[in-house]
Amino acid sequence: MSVLDSIVAGVREDLAVREQLTPRRDLEALLDRAPAPRDPRPAFRRAGVQVIAEVKRSSPSKGALADIPDPASLAALYEAGGAAAISVLTEKRRFGGSLADLDAVRDRVDLPVLRKDFMVTEYQLVEARVHGADLALLIVASLDDAELRRLHRLALDLGLTPLVEVHTPDEAKRAADLVSEDPAEAVIGVNNRNLVTLEVDIFQFGSLVAELPATAIKVAESGLTGPQDVALVAQQGADVVLVGEALVRHHDPAHAIEAMLATSTPTTGGNL
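This structure is a prediction, so every number in the text was calculated from the model and none was measured. (Residues numbered from 1 in each chain as written. Predicted model: local features only at pLDDT ≥ 70, side-chain atom pairs only at ≥ 80, totals over all residues. Heavy atoms only, no water.)

**Concerning the overall build of the protein chain**
And step 1. Within the protein chain, the secondary structure is distributed over twelve helices and ten strands.
And step 2. Whereas a compact globule of 272 residues would reach a radius of gyration of roughly 19 Å, the protein chain reaches 17 Å, a difference of no more than 12%.
And step 3. Taken along the three principal axes of its C-alpha coordinates, the protein chain extends 55 × 40 × 35 Å.
And step 4. Looking at the protein chain as a whole, 54% of its 272 residues are labelled buried.
And step 5. Residue pairs at least 24 apart in sequence account for 71% of intrachain contacts in the protein chain once pairs closer than 6 positions are excluded. (Helix = DSSP H or I, 4+ residues; strand = E, 2+ residues; numbered from the N terminus. Rg over C-alpha atoms; globule rule 2.2 N^0.38 Å. Buried < 20%, exposed > 50% of the residue type's maximum accessible area, 1.4 Å probe, protein only. Contact = heavy atoms within 4.5 Å.)

This is the structure we're talking about:
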């Protein structure tokens, strides 16, 4: 069993408990109370590379990253630093996250919020919207084509913006096919981390960007440690970067985001 398979198995076990406590029909009854979804795409298309800043306590590859007793306060620092959106890990076994973290962040910031989890059922998307998420992660590697299309369609119907994540040329093709009807509205991420081996290749984004629709919003994810890495993926065509570890470990995450944005802001002499 791969690392990804193991994580998804745990996600399904935890999900079964939540479904038993709150059946889907009861969950859907709460949708009307959710705040109106925020569209992240106008911010993502601003000049220069934009930052999705992540609330992330731990990871399967690194273990504990940071003690985050108040995720809302961290998200507020991200907002102050100029982040375009906030990503909140809600998977608890490997990442130490929770839906409570999502609730806290949603209540504190005005930015679009991504529920970052291993989304494999429709229930999780309804959950995301009920808890105030504006985006939801769909990992191509964890879904077959029928599942991917069904979840993508439901996400849109719920008002969520799907972040479709790929890592290989085949996954990039599947993502391109998925959004072929309206590629200009699509948000597609390239994960520099292989979810099977957990190895990171900072050049993975650059190797796949040409396989993605030219008009899609392109997100570089994982392994970005600072302004130099952001500058690299900006040159390769990234519109957005998703950064977690480098920010939660930084003594001044707002300043760290400002530095990343400054590095990638176009000037009269070029993009960097």
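**Re the pairing of strand β1 (residues 50–55)**
If a strand is regular, its side chains alternate between the two faces of the sheet.
And step 1. For β1, the buried fraction is high: six of the six residues fall into the buried class.
And step 2. Two elements, β1 and strand β10 (residues 240–243), share four bridges in a ladder whose sense is parallel. Across the sheet, Val-51 pairs through a bridge with Val-241, a residue of β10.
And step 3. Here four bridges tie β1 to strand β4 (residues 85–89), and the two strands are oriented parallel to one another. Paired with Ile-52 across the bridge in β4 is Ala-85. (Pairing = 2+ DSSP bridges.)

**Overview of the packing of helix α4 (residues 71–81) against helix α5 (residues 99–108)**
And step 1. Contact geometry of α4 with α5 gives a least axis separation of 8 Å together with a crossing angle of 45°. Our classification of the angle between α4 and α5 gives oblique. Once α4 is placed against α5, the crossing between them reads as right-handed. In this structure, α4 uses Pro-71, Ala-72, Ser-73, Ala-75, Ala-76 and Glu-79 to contact α5, whose residues at the interface are Asp-101, Ala-104, Val-105 and Arg-108. (Axes fitted to C-alpha atoms, helices over the stretch in contact; angles between N-to-C directions. Parallel < 35°, antiparallel > 145°, perpendicular 65-115°, else oblique. Left-handed = near helix turned anticlockwise from the far one by under 90°.)

**Re α5**
And step 1. Of the positions making up α5, those classed as buried are Leu-99, Asp-101, Leu-102, Val-105 and Arg-106. Down the axis of α5, the buried side of the element spans an arc of 150°, and every buried residue falls inside it.
And step 2. Between the side-chain oxygen of the N-cap and the backbone nitrogen of Ala-100 there are 3.3 Å, and the N-cap of α5 in question is Ser-98. (Arc of directions from axis to C-beta. Polar contact = N/O pair within 3.5 Å; in protein donor to acceptor, adjacent residues only side chain to side chain.)

On their own, these measurements won't tell you what the molecule is for.
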